[in-house]
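A look at the structure
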Amino acid sequence: MKISDILSRSERPFPSIEIVPPLKGISKEELIASIAPFMDFHPPYINVTCHRDEVEYRPEADGSYTRHTVRRRISETAVCAVIQARFDTEVVPHLIGAGMTRERMESQLQDLRFMGIENVLALRGDCLAGEKRFTPEPGGYRYASELVEDIRRFESKQGSTFCIGVGAYPEKHFEAPNLEMDIQNLKRKVDAGADYIITQMFFDNAVFYAFRDKCRSAGINVPIIPGLKPLSTARQVEALPEAFSLDIPLALASEMRAHADDKEACYTIGTRWCAAQCADLLRHEVPAVHFYTMGRADNIVTILKECF
Ligand code: FAD
């Protein structure tokens, strides 16, 4: 079923889960065991992130270097196939334009269609480590809006449709000059055919509500699903702002820092904060809440128990 149909038919907000494909070497059973704790809460779909191949330059005996492409994780397509076979839920593979040609993207979409997958999250992706600015493949995708357009073009050839989600940033994408222009660019993705939006994680709901109001004023009328992640270590107080260009509110950052030597306390503080955020969002007309699991289950299970 398409996520757009799940959203329009659901009478109350529901949780959805995002998982990161495991590193190579993990068995199928271990993957299933890591997802199983979430299934008691019946998430109608599970998102599976997509990771760009890394590039390594290895020294040769003659002093030259050769370029190698390295994939560290199981592919999102293989993970989706395992989830489809084992659990009664939809899967939403992420598609990233970065590093992809249009021909490879079309083949990827054909594979997803073959697997009976009707949903994708369309993203631009990021630079490779060491690159200063994003560079598309020759003839590839500069922006996620171009990927959305291409998926719609592919469908018109194939005669079947995907439900397309796109990403958004309540605190602004780090490359955008200001939030207003970022929201205009978000609207381009919706105008190109995106059906709904999932936000980057945030830790202050007021930021999300203000962002949602601005989107509505800009004429973006598709569902906007908030994304949440509980902090689990004091280290994340610095690491997440650096990685995702977001703010950690003073009260949360101070409490985590004050307990930096106590792992258990930090875990509980992060979980409690996220549960309070989730409960508040559910009182403010969100269609669903999306959880970034990043390999952790028990903190999110605690929040799901409390809120759903
Ligand atoms: P875009 O929408 O293309 O925006 C990128 C930048 O370009 C923004 O600053 C935007 O304002 C600007 N822009 C857009 N269109 C135009 C235009 N026409 N003219 C000028 N400027 C423009 N990354 C992964 O690698 N794998 C994942 O699985 C993954 N999952 C994610 C899930 C979610 C919910 C989110 C929010 C992000 C995810 N990301 C993932 C990260 C994402 O790939 C990066 O944040 C990336 O830098 C931007 O992707 P985007 O799709 O938002 O890009």
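Here the structure is shown first, and the text comes after it.
For every chain, the first residue of the written sequence is number 1, and numbering continues from 1 along that sequence. Given that this is a predicted model, residues contribute local features only at a pLDDT of at least 70 and side-chain atom pairs are listed and counted only at 80 or more, while totals for whole chains, interfaces and linings are drawn from all residues. Hydrogens and water are ignored here; the side-chain numbers use all heavy atoms of the structure.

As a further point, take the layout of surface pockets. The calculated volume of the second largest pocket comes to roughly 280 Å³. Points on a 1 Å grid, built from protein atoms alone, make a cavity when a 1.4 Å probe fits but cannot get out and make a pocket when they are open with protein on both sides within 12 Å along at least 5 of 7 lines; residues with an atom within 4 Å of a point are the lining residues. Around the second largest pocket, the lining comprises 15 residues; the ones closest to its centre are Val-20, Pro-22, Leu-31, Ser-34 and Gly-295. A run of H or I in DSSP counts as a helix once it spans at least four residues, and a run of E counts as a strand once it spans at least two, with each numbered from the N terminus. With five residues, helix 2 (residues 28–39) is the largest single contributor of residues to the lining of the second largest pocket. Grid points are joined across faces, edges and corners, and a volume is the space filled by probe spheres set on the points.

This part takes up the sheet that holds strand 6 (residues 119–123). Overall, parallel pairing links the eight strands, which are arranged 1-2-5-6-7-8-9-10 in a closed barrel. Averaged over all adjacent pairs, the angle separating strand axes in this sheet is 30 degrees, with direction ignored. Note: two strands are recorded as paired if DSSP finds a minimum of 2 bridges between them. Alignment of strand 5 (residues 90–96) against strand 6, held across three bridges, turns out to be parallel. In the strand pairing of strand 6, His-94 is matched with Leu-121. Set on the sheet, helix 6 (residues 179–192) makes contact with strand 7 (163–168) and strand 8 (196–201); between it and strand 7 the angle comes to about 175 degrees. Axis lines are fitted through C-alpha atoms, for helices just across the contact stretch, and the angle between N-to-C directions can take any value from 0 to 180 degrees. Should any heavy atoms of two residues lie within 4.5 Å, those residues are considered in contact.

Our next topic: empty space enclosed by the protein. Under the criterion given, the structure shown has one cavity of 30 Å³ or more. By volume, the largest cavity amounts to about 40 Å³. For the largest cavity, the full set of lining residues is Tyr-169, Pro-170, Glu-171, Lys-172, Gln-200, Met-201, Phe-244, Ser-245 and Leu-246. Of the residues in the lining of the largest cavity, the class split is five nonpolar, two polar and two charged. Put simply, Ala, Val, Leu, Ile, Met, Phe, Trp, Tyr, Cys and Pro go in the nonpolar bin, Asp, Glu, Lys and Arg in the charged bin, and everything else, Gly too, in the polar bin.

What follows concerns the pattern of salt bridges. When the charged atoms of two side chains lie near each other, side chains of opposite charge can form a pair. Salt bridges are defined as contacts in which a side-chain nitrogen from Lys or Arg sits within 4 Å of a carboxyl oxygen from Asp or Glu. The final tally for this structure, using the stated rule, is 18 salt bridges. A salt bridge links Arg-102 to Asp-150; the shortest N-O distance between them is 3.3 Å. Taken as a pair, Arg-102 in helix 4 (residues 102–114) and Asp-150 in helix 5 (residues 144–158) lie far apart in primary sequence, 48 residues in all. Think of it in three bands: residues with accessible area under 20% of the maximum for their type are buried, residues over 50% are exposed, and the middle band is partly exposed, with areas taken using a 1.4 Å probe on protein chains only. Looking at Arg-102, the relative accessible area reads 27%, which means it is partly exposed. By relative accessible area, Asp-150 is classed as buried at 13%. A salt bridge links Asp-191 to Lys-187; the nearest nitrogen and oxygen atoms lie 3.0 Å apart. You can see Asp-191 and its partner Lys-187 sitting in helix 6, four residues apart, about one turn around the helix. Beyond isolated ion pairs, a larger network of salt bridges with shared partners links Arg-102, Arg-142, Glu-146, Asp-150 and Arg-153.

When at least one non-hydrogen atom of a residue lies within 4 Å of a molecule or strand, that residue is treated as near it. The local shell around the ligand holds 24 residues, among which Cys-50, Asp-126, Tyr-169, Asp-182 and Lys-189 are the closest. What qualifies as a polar contact is a pair of N or O atoms within 3.5 Å, subject to a donor-acceptor requirement within protein and to the restriction that residues adjacent in sequence count only when both atoms come from side chains. Contact distances for the ligand include 3.0 Å between an oxygen atom and a backbone N or O atom of Gly-125. Within the side chain of His-173, an N or O atom sits 2.8 Å from an oxygen atom of the ligand. Going through the elements one at a time, strand 5, strand 6, strand 7, helix 6 and strand 8 are the ones with two or more residues in the shell around the ligand. The biggest single contributor to the shell around the ligand is helix 6, with four residues. Its residues assigned to classes, the shell around the ligand comprises 11 nonpolar, seven polar and six charged.

The next subject is the side chain of Asn-205. With respect to the element layout, Asn-205 can be found in helix 7 (residues 205–217). Excluding its chain neighbours within four sequence positions, the residues that come into contact with Asn-205 are Gln-277, Asp-280 and Leu-281.

Attention now goes to helix 7. Expected span, for any helix, means 1.5 Å times one less than how many residues it has. The end-to-end C-alpha distance of helix 7 is 18 Å, a good match for the 18 Å that 13 residues give at a rise of 1.5 Å each. Residues of helix 7 that are buried include every one of Asn-205, Phe-208, Tyr-209, Phe-211, Arg-212 and Cys-215, and no others. The buried side chains of helix 7 occupy one side of the element, clustering within an arc of 160 degrees when seen end-on. Contacts made by the buried residues of helix 7 are with strand 7, helix 6, strand 8, strand 9 (224–228) and helix 10 (263–282). Its side-chain oxygen 3.0 Å from the backbone nitrogen of Ala-206, Asp-204 forms the N-cap of helix 7. Phi turns positive one or two residues past the end of helix 7, at Gly-219, with a value near 90 degrees. The arc in question is the one traced by the directions running from the helix axis out to the C-beta atoms.

A negative phi angle characterises most non-glycine residues, just as the trans form characterises most peptide bonds. Positive phi values are uncommon outside glycine, yet His-42 reaches one of about 50 degrees. Residue position: His-42 is located in the loop between helix 2 and strand 2 (45–48). In the Ramachandran plot, Ser-245 falls in the positive-phi region, its phi being about 55 degrees despite a non-glycine side chain. Residue placement: Ser-245 occurs in the loop between helix 8 (236–244) and helix 9 (250–258). For Ser-245, a relative accessible area of 35% gives the class partly exposed.

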